[in-house]
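Structural characterization, general
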Amino acid sequence: LAAGGPAGRPDRRRLHAGILAHLWRRGASFVRDLQRALGPEVGLADLDAALWDLVWSGHVTNDTLLPLRTRRGSGGPRPGSLRAPGGRWSAVVDLVGAGASPTERALARAEALLVRHGIVSRQIALAEDVPGGVAPIAGVLRELEDLGKVRRGYFVEGLGGVQFAAPGAVDRLRMMRSSETRDVIALAADDPANPWGGALPWPTRSGGGGAPRRSVGASLILAGGTPVLWIDRGGRRMLTFPAAADRACFLAGARALGQVAAQRAGKSLRLETIDGEPARGSGFAMALREAGFTSDLHGLTLDVR
């Protein structure tokens, strides 16, 4: 910040200190309040210049854009043409505050993971890129367990290690396991609601065509939470999982592909390969035709327009 000014002008450094002292003591203030606090010897031009010194150095701010518009419109302050800019000036330090403590941040992350996933484990923390993995939040999760707000145990096979469950999450998992119906849904492969390829490894496949990925634009069909079909971003390559061996399950998944087609440009989906083989010659082609696909020169097409 500027150290001083010409003879007969208030020392700029003293103005800076006076402005900040007033804002720390009284809070947000209008220019006329600052002038009154600093004394009659401080003119509006000197006060304006000192305020902008503090703005550029990140010490004060205003609750409106009027001072910035006034300065921009005038090309900067000009002696004899200044008017007191509107809005209230505040010390930035009062707005920033001390910030959250490490414990508060860990608690916020733990609660967010519990809301999003229902169960938190090491794999969940790694899949969510939590800094430091599960270790920084393990302490608060144990405290939440002591308070009766979470349950600790081994709930989901494959997650491994200690698992913490939100209230009701375990009961919902048990209901899904005992249910005779297998709800079929289509969702983005990189959706946080999809644990496969993240918290859980993809089911082992025997077919070719490459490996499924949680890539942007790819889609996944689940039946009862189990992967059935994966479709790449272009909609031309489809991979099947072991659950697709059940014809009824595959047919239900194939019909759910209509949801994927409906969200694509042109409202259509053209499969060219299935597990690395030409779609029209695939053993799944007949079931796909039964689900509404038709053959063309390039493969099997579903049009939902």
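Residues numbered from 1 in each chain as written. Predicted model: local features only at pLDDT ≥ 70, side-chain atom pairs only at ≥ 80, totals over all residues. Heavy atoms only, no water.

Points about the overall build of the protein chain
Looking only at helices and strands, one finds eleven helices and 14 strands in the protein chain. The 305 residues of the protein chain split such that 36% are buried. Considering only residue pairs separated by 6 or more positions, the protein chain has 58% of its internal contacts joining residues 24 or more positions apart. Approximately 17,400 Å² of the protein chain is accessible, and the part contributed by carbon and sulfur atoms is 52%. (Helix = DSSP H or I, 4+ residues; strand = E, 2+ residues; numbered from the N terminus. Buried < 20%, exposed > 50% of the residue type's maximum accessible area, 1.4 Å probe, protein only. Contact = heavy atoms within 4.5 Å. Areas by Shrake-Rupley, 256 points an atom, 1.4 Å probe, with all protein chains shown as cover.)

Points about the environment of proline 201
If you trace the backbone, proline 201 turns up in the loop between strand S6 (184-188) and strand S7 (219-223). Linking proline 201 and leucine 159, residues 42 residues apart in sequence, is a C-alpha distance of 9.3 Å.

Regarding the nonpolar core
Of all hydrophobic cores here, the largest spans 32 residues; its most connected members are Leu114, Ile137, Leu141, Leu220 and Trp230. When contributions to this core are tallied by element, the ones reaching two or more residues are helix H6 (102-117), strand S3 (119-120), helix H7 (122-127), helix H8 (135-146), strand S5 (163-165), helix H9 (169-178) and S7. With sequence-adjacent residues up to four places away left out, leucine 114 is seen in contact with Val120, Leu141, Leu144, Val150, Phe164, Ala165 and Ala166. The next biggest cluster of nonpolar side chains, apart from the first, holds 27 residues, and it includes Ala244, Phe250, Leu251 and Leu300. (Core = buried A, V, L, I, M, F, W, Y, C linked by side-chain atoms within 4.5 Å.)

Here's the deal with the pairing of strand S14 (residues 300-303)
Pairing of strand S10 (residues 268-271) with S14, which is carried by four bridges, proceeds in the antiparallel orientation. Bridge assignment links leucine 271 to a residue of S14, and that residue is leucine 300. Note that strand S13 (residues 294-295) and S14 share two bridges and pair antiparallel. Bridging across to S14, threonine 294 finds its partner in threonine 301. The turn linking S13 back onto S14 is made up of four residues. (Pairing = 2+ DSSP bridges.)

Some points on the pairing of S7
Looking along a regular strand, one sees side chains alternate from face to face of the sheet. Of all five residues in S7, five are buried; the element is thus mostly enclosed. The alternating pattern of S7 places Ser219, Ile221 and Ala223 and Leu220 and Leu222 on opposite faces, both of which are buried. With five bridges connecting them, S6 and S7 associate as antiparallel partners. The residue bridging alanine 186 from the neighbouring strand is isoleucine 221, located in S7. Both S7 and strand S8 (residues 226-231) contribute to a ladder of five bridges, which runs antiparallel. Note that in S8 the partner of isoleucine 221 across the bridge is leucine 229. Between S7 and S8, which pair antiparallel and follow one another directly, the connecting turn spans two residues, one of which, glycine 224, has a positive phi of 60°.

Quick notes on the packing of aromatic side chains
Tallying each qualifying case throughout the model produces four aromatic pairs. Geometrically, the ring pair formed by tryptophan 52 and tryptophan 56 is tilted, given 5.1 Å between the ring centres and 35° between the ring planes. Of this pair, tryptophan 52 and tryptophan 56 both sit in helix H3 (residues 44-56), four residues apart, roughly one helical turn. Residue tryptophan 52 is classed as buried on the basis of its relative accessible area, which comes to 7%. Centre to centre, the rings of tryptophan 52 and tryptophan 89 are 6.2 Å apart; their planes meet at 80°, and the pair counts as edge-to-face. Placement of tryptophan 52 in helix H3 and of tryptophan 89 in strand S2 (residues 89-91) is noted, with a sequence separation of 37 residues between them. By the burial criterion, tryptophan 52 is buried, and tryptophan 89 matches it. An aromatic cluster of three or more residues is present, and its members are Trp52, Trp56 and Trp89. The ring of phenylalanine 30 carries the charged tip of arginine 32 above its face, separated from the ring centre by 4.9 Å. (Phe/Tyr/Trp six-rings, centres within 6.5 Å; stacked < 30°, edge-to-face > 60°. Lys NZ or Arg CZ within 6 Å of the ring centre and 35° of its normal.)

A short note on the sheet that holds strand S12 (residues 277-278)
In spatial order, the strands read S6-S7-S8-S9-S11-S12; together these six strands make up an open sheet with mixed pairing. With one partner strand each, in any of the chains shown, S6 and S12 form the two edges of the open sheet. Bridge analysis of strand S9 (residues 237-240) against strand S11 (residues 273-274) gives two bridges, and the strand direction is parallel. When the bridges of S11 are listed, arginine 237 appears paired with threonine 273. Contacts between helix H10 (residues 247-262) and the sheet are confined to S6, S7, S8 and S9, with S8 contributing the most and set at about 50° to the helix. (Axes fitted to C-alpha atoms, helices over the stretch in contact; angles between N-to-C directions.)

These results come straight from atomic positions and should not be treated as a statement about function.
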